[in-house]
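Notes for the structure review
One-letter residues, chain by chain:
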Amino acid sequence: MSALPLADFDSDAQLPHLPVEARRSQGAPLTAILQEVFGYTAFRGQQQAIVDHVSTGHDALVLMPTGGGKSLCYQIPAIARHRAGYGVTVVVSPLIALMHDQVGALEEVGVHAAFLNSTLSLEDTQRIEREMMSGRLVLLYAAPERVTNLRFQAQLASLHERGLLSLFAIDEAHCVSQWGHDFREDYLQLSLLHERFPDVPRLALTATADDQTRADMIERLQLQDARVFISSFDRPNIRYALVEKDEPRKQLLRFIRDEHDGDAGIVYCQSRKKVEETADWLNEQGITALPYHAGLDASVRQKHQDRFLREDGLVMVATIAFGMGIDKPDVRFVAHLDLPKNIEAYYQETGRAGRDGGQADAWLTYGLADVVNQRRMIDESPANDDFKRIQRGKLDALLALAEAHDCRRVRLLAYFGEASQPCGNCDNCLTPPATWDGTEAARKMLSCIYRFWQHGRQRFGGGHLIDVLRGKQTDKVAQYGHQSLSTFGVGAALSENQWRAVLRQLVALGHVVAEGEYNTLSLTDSARAVLKGEVQLTLREAVELPRRGRAGKAEGSGGASAAAPADLNGAALARFTELKAWRAGVAKAHNLPAYVVFHDATLADMARIAPQTLGELAGISGVGAKKLQAYGNQILALLNP
Ligand code: ADP
Ligand code: ZN
């Protein structure tokens with residue numbers, strides 16, 4: 001534990017009650033705290049309004065996307081109110097595994113914080129309880145089951161009696177809703193806080209925003225009088241790209257090598273087996289990758305999570321079991337090798353990239369098999385018909401996103417009820433895909449499937465279908481006499497790739513279904529309108545992907561400069577590399593992830609500007625008073641040898 005900001009307070013002494021209002025009239029203390037403690041120049045988005053509201057003792061519900069900056073929304077009021085004599089802020093968080101690092105980050109900036117959970121020794125627990133009961137602690141993190149237990153409630157009551165219970169922050173508040181996918185029974189008990197301590201302000205925060213969950217949070221946490229702050233869900237620094245699956249592993253490798261050499265990233269796969277295989281394969285290719293899925297031992301999972309958070313440039317290959325609460329700011333890409341379930345899941349998973357605001361990629365590869373699999377999983381699930389209908393609707397929305405030829409972001413935000421303009425930072429905006437009128441091609445394909453059935457009462461898969469359309473003389477064609485079909489060879493003008501795209505889109509649109517072990521194709525009722533020419537189909541031009549052996553579009557992505565900001569070169573790059581090595585040493589000594597010491601962006605600024613005095617160093621974003629004092633001279637010595 002670092003020096004206590006209020007260490008001279010006797011633990012039994014009553015802290016002075018200085019109303020926040022009185023202090024606020026002396027200037028803009030909340031911005032001053034932001035600058036002094038965190039070293040940031042300005043609040044982002046709605047942060048200012050939120051911290052103003054909460055610091056003055058009002059309740060709030062904050063809906064903000066991942067990476068939007070929720071932590072500061074309760075940390076700044078906690079600090080302000082503590083300085084004004086209001087005592088301790090209690091932060092309810094469901095993620096015990098992450099508390100250590102959250103608290104470590106606060107102590108690094110000189111804010112006295114601690115956590116209470118089952119991993120602590122009795123001695124440590126007692127020490128932290130003393131810190132809390134004295135009112136010295138600024139923030140205390142605890143899981144909901146702890147907050148609601150009898151012993152802790154008695155402690156809160158004692159604090160409250162002495163005017164030292166400042167604020168409740170309820171993180172991941174959507175866990176209180178049964179509609180959300182992260183429901184926790186213990187969250188239901190949290191309404192107790194309001195019942196027992198009605199005058200203590202409460203702040204609930206979440207990145208999950210649908211109407212149902214919001215209504216649930218308000219009701220179950222009794223936040224009817226809270227002001228609701230809804231931020232835009234846009235993540236402008238994330239570049240979205242959804243590409244056609246060709247040879248997915250090679251595509252992934254090319255993507256990582258060309259765009260993210262040496263970067264930290266997450267690769268999502270659907271099955272445990274595929275997670276293991278993909279991680280093995282990446283390692284064979286020289287990219288350090290760790291597997292993570294629910295089938296691994298808890299200790300292995302914890303170890304891999306810690307390594308991902310603490311080491312630079314690791315790739316985590318994972319099922320969706322990985323990710324909630326991971327606040328590593330410098331994840332530079334999130335790749336999907338399989339189609340997620342729906343747009344909500346896709347957005348939440350990709351949102352883990354670029355929390356630091358730096359350029360990041362959300363990259364997904366999908367193909368016919370993904371579409372078929374997702375449809376089949378819904379059809380074969382034991383759920384009732386209503387539920388299946390909703391799931392199908394959600395899958396359709398995701399497929400429409402994947403096949404879209406216009407801005408991805410406009411579609412994503414529209415899905416969450418937000419209107420926007422083309423973004424200029426997605427694949428479709430950057431390289432608008434050529435489109436073509438696929439109506440005729442679709443009719444040829446549908447009628448060929450129909451002819452198969454008419455000819456021999458048989459169904460076939462996509463490969464044979466495309467061979468017949470292109471007029472290929474294969475053994476199978478000869479065996480079934482398909483060269484005699486009127487559709488044989490009518491599609492010779494299109495490439496195999498183009499035909500695959502037509503088929504994928506027909507399946508995505510629900511005109512064709514693929515069934516059984518061999519994915520044999522048949523028509524649905526809606527195919528009739530297409531066959532009759534009543535429906536117009538505009539299709540994306542199939543992109544001809546580079547093949548084996550051909551190098552990608554890498555432009556001088558040198559190995560040594562891996563993951564360095566692109567604009568650093570020469571001396572600045574050398575300084576950046578040295579700063580990173582120095583940071584790794586500090587992080588190791590403090591048993592914390594490197595980003596807790598300084599973000600990459602802060603190191604990059606130091607390398608670029610090369611400050612010569614403590615005053616200049618203090619001007620860099622991310623350098624607050626405590627870090628300046630603790631590390632300033634070391635950094636100056638390193639930058640000015
Ligand atoms: P969330 O919890 O909403 O996902 P965080 O609180 O982890 O987001 O914040 C994301 C990142 O943005 C963090 O690294 C944080 O330090 C940084 N950040 C938040 N607010 C600001 C700000 N006003 N200025 C600069 N950086 C900020
Ligand atoms: Zn766009």
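Owing to the predicted nature of the structure, the values given are computational and were not obtained by experimental measurement.

1. Digging into empty space enclosed by the protein
By the definition in use, this model includes one cavity of 30 Å³ or more. Volume-wise, the largest cavity comes out at about 40 Å³. In this structure, the largest cavity is lined by Leu 309, Arg 310, Glu 311, Asp 312, Lys 328, Asp 330, Arg 583, Ala 594, Tyr 595 and Asp 600. Secondary-structure elements contributing two or more residues to the lining of the largest cavity are helix 13 (298-310) and helix 25 (594-597). Its residues placed into classes, the lining of the largest cavity shows three nonpolar, no polar and seven charged.

2. Brief notes about the pairing of strand 15 (residues 512-515)
Taking every second residue as pointing to the same face, the buried face of strand 15 carries Val 512 and Ala 514, while none of Val 513 and Glu 515 on the other face is buried. Taking the residues that link successive antiparallel strands as the turn, the strand 15-strand 16 (residues 520-523) hairpin has four residues, and the phi of Gly 516 there is positive, at about 75°.

3. Section: the coordination of the zinc ion (ligand 2)
Coordination of the zinc ion (ligand 2) by the protein involves Cys 407 (SG), Cys 423 (SG), Cys 426 (SG) and Cys 429 (SG), with metal-donor separations of 2.3 to 2.4 Å. One can describe the donor arrangement at the zinc ion (ligand 2) as tetrahedral, given that its four donor atoms subtend angles of 102 to 118° at the metal. Counting the intervening residues between successive donors of the zinc ion (ligand 2) yields the motif C-x15-C-x2-C-x2-C. Residue classification places Cys 423 among the partly exposed positions, given a relative accessible area of 25%.

4. Notes on the packing of aromatic side chains
Under the counting rule described, the total for this entry stands at 15 aromatic pairs. On the numbers, 4.9 Å between centres and 75° between planes, the contact of Phe 460 with Tyr 480 is edge-to-face. Placement of Phe 460 in the loop between helix 19 (439-456) and helix 20 (462-470) and of Tyr 480 in helix 21 (residues 475-480) is noted, with a sequence separation of 20 residues between them. Relative accessible area serves as the criterion here: at 5%, Phe 460 is assigned to the buried category. In this structure Tyr 480 comes out as partly exposed when scored by relative accessible area, which is 26%. Over the ring of Tyr 86 we find Arg 81, and its NZ or CZ is 4.2 Å from the ring centre.

5. Considerations on the sheet that holds strand 11 (residues 315-318)
The six strands are arranged 8-13-12-9-11-10 in an open sheet whose pairing can be described as parallel. Whereas interior strands pair on both sides, the edge strands pair on one side only; in this sheet they are strand 8 (238-244) and strand 10 (289-292). Strand-to-strand twist in this sheet, taken as the mean axis angle between neighbours without regard to direction, amounts to 15°. As judged from the four bridges shared by strand 12 (residues 331-336) and strand 13 (residues 360-366), these two strands associate in the parallel manner. When the bridges of strand 13 are listed, His 336 appears paired with Leu 364.

6. Observations regarding the pattern of salt bridges
Counted under the stated rule, the structure contains 31 salt bridges. A salt bridge links Arg 136 to Glu 131; the shortest N-O distance between them is 3.2 Å. Assessed through its relative accessible area of 15%, Arg 136 is described here as buried. Taking the shortest distance from any N to any O, the salt bridge between Arg 389 and Asp 386 comes out at 3.3 Å. One end of the pair is Arg 389 and the other is Asp 386, both in helix 16 (residues 385-403) and three residues apart, which spans about a single turn. In the salt-bridge network here, residues are joined through shared partners; they are Lys 245, Lys 274, Asp 338 and Asp 370.

7. Here's the deal with the sheet that holds strand 1 (residues 60-63)
Spatially, 3-4-2-5-6-1-7 is the arrangement adopted by the seven strands of the open sheet, whose pairing is parallel. Two strands in the sheet have a free side with no partner beyond their single neighbour: strand 3 (113-116) and strand 7 (227-230). In this sheet, adjacent strand axes meet at a mean angle of 20° when their direction is disregarded. When strand 3 meets strand 4 (residues 139-142), the two strands line up parallel, connected through four bridges. Within strand 4, the position partnered with Phe 115 by the bridge is Tyr 141. Against the sheet, helix 3 (residues 47-55) makes contact with strand 1, strand 5 (165-170), strand 6 (202-206) and strand 7, and its axis sits at roughly 160° relative to strand 7, the strand it touches most. Sheet contacts for helix 8 (residues 150-161): strand 2 (88-92), strand 3, strand 4 and strand 5; angle to strand 5, the most-contacted strand, approximately 135°.

8. Side note on the nonpolar core
By size, the foremost hydrophobic cluster in this structure holds 74 residues, and its most contacted members are Phe 308, Phe 322, Tyr 346, Met 445 and Leu 465. The dominant element in this core, judged by the number of residues it contributes, is helix 19, at seven residues. Setting aside chain neighbours within four positions, we find Met 445 in contact with Leu 465, Ile 466, Leu 469, Trp 499, Val 502, Leu 503 and Leu 506. Formed by 71 residues, the second largest nonpolar core is a distinct cluster that contains Val 37, Val 138, Cys 175 and Leu 223.

9. Side note on unusual backbone geometry
Although it is not a glycine, Glu 172 adopts a positive phi angle of roughly 50°. As for its position among the elements, Glu 172 is in the loop between strand 5 and helix 9 (191-196).

10. Regarding the site of ligand 1
Taken together, 15 residues form the shell around ligand 1, and within it Tyr 40, Gly 67, Ser 71, Arg 355 and His 599 come nearest. At 3.4 Å, a backbone N or O of Gly 68 approaches an oxygen atom of ligand 1. Ser 71 is positioned such that a nitrogen or oxygen atom in its side chain is 2.7 Å from an oxygen atom of ligand 1. Its free accessible area being 570 Å², ligand 1 has 86% of it covered by the protein chains. Ranked by residue count, the leading element in the shell around ligand 1 is helix 4 (residues 70-83), at three residues.

11. Focus on helix 8
Over its 12 residues, helix 8 extends 16 Å from the first C-alpha to the last, a length consistent with the 16 Å expected when each residue adds 1.5 Å. Listing the buried residues of helix 8 in full gives Phe 152, Gln 153, Gln 155, Leu 156 and Leu 159. Down the axis, helix 8 shows its buried residues gathered within 160° of arc, on one side only. In helix 8, the exposed residues that point more than 90 degrees away from the buried face are Leu 150, Arg 151 and Glu 161.

12. A look at helix 14 (residues 343-350)
Counting buried residues along helix 14, six of its eight residues qualify, which places the element largely inside the surrounding structure. Every buried residue belonging to helix 14 is among Ile 343, Ala 345, Tyr 346, Tyr 347, Glu 349 and Thr 350, and all of these are buried. The inward-facing, buried residues of helix 14 contact strand 8, strand 9 (264-268), strand 12, strand 13, helix 16 and helix 17 (408-415).

13. Concerning the packing of helix 16 against helix 22 (residues 496-508)
One way to put it is that helix 16 packs onto helix 22 with a least axis distance of 10 Å and a crossing angle of 155°. Between helix 16 and helix 22, the crossing angle belongs to the class labelled roughly antiparallel. For the crossing formed where helix 16 meets helix 22, the hand is left-handed. Contact residues: helix 16 offers Asp 396, Leu 399 and Glu 403, while helix 22 offers Arg 504, Gln 505 and Ala 508. Residues belonging to the contact of helix 16 with helix 22 are distributed by class as follows: two nonpolar, one polar and three charged.

Basis of the calculations
- Residues numbered from 1 in each chain as written.
- Chains lettered and ligands numbered in written order.
- Predicted model: local features only at pLDDT ≥ 70, side-chain atom pairs only at ≥ 80, totals over all residues.
- Heavy atoms only, no water.
- 1 Å grid on protein atoms, 1.4 Å probe; cavity = no way out; pocket = protein on both sides within 12 Å on 5 of 7 lines; lining within 4 Å.
- Points joined across faces, edges and corners; volume = space filled by probe spheres on them.
- Helix = DSSP H or I, 4+ residues; strand = E, 2+ residues; numbered from the N terminus.
- Nonpolar A, V, L, I, M, F, W, Y, C, P; charged D, E, K, R; others polar.
- Buried < 20%, exposed > 50% of the residue type's maximum accessible area, 1.4 Å probe, protein only.
- Pairing = 2+ DSSP bridges.
- Donors = N, O, S within 2.8 Å, 3.2 Å for Na, K, Ca; no water.
- Tetrahedral: all angles 85-135°; square planar, octahedral: opposite > 155°, others 65-115°.
- Phe/Tyr/Trp six-rings, centres within 6.5 Å; stacked < 30°, edge-to-face > 60°.
- Lys NZ or Arg CZ within 6 Å of the ring centre and 35° of its normal.
- Axes fitted to C-alpha atoms, helices over the stretch in contact; angles between N-to-C directions.
- Salt bridge = Lys/Arg side-chain N within 4 Å of Asp/Glu carboxyl O.
- Contact = heavy atoms within 4.5 Å.
- Core = buried A, V, L, I, M, F, W, Y, C linked by side-chain atoms within 4.5 Å.
- Near = heavy atom within 4 Å.
- Polar contact = N/O pair within 3.5 Å; in protein donor to acceptor, adjacent residues only side chain to side chain.
- Areas by Shrake-Rupley, 256 points an atom, 1.4 Å probe, with all protein chains shown as cover.
- Expected span 1.5 Å × (residues − 1).
- Arc of directions from axis to C-beta.
- Parallel < 35°, antiparallel > 145°, perpendicular 65-115°, else oblique.
- Left-handed = near helix turned anticlockwise from the far one by under 90°.

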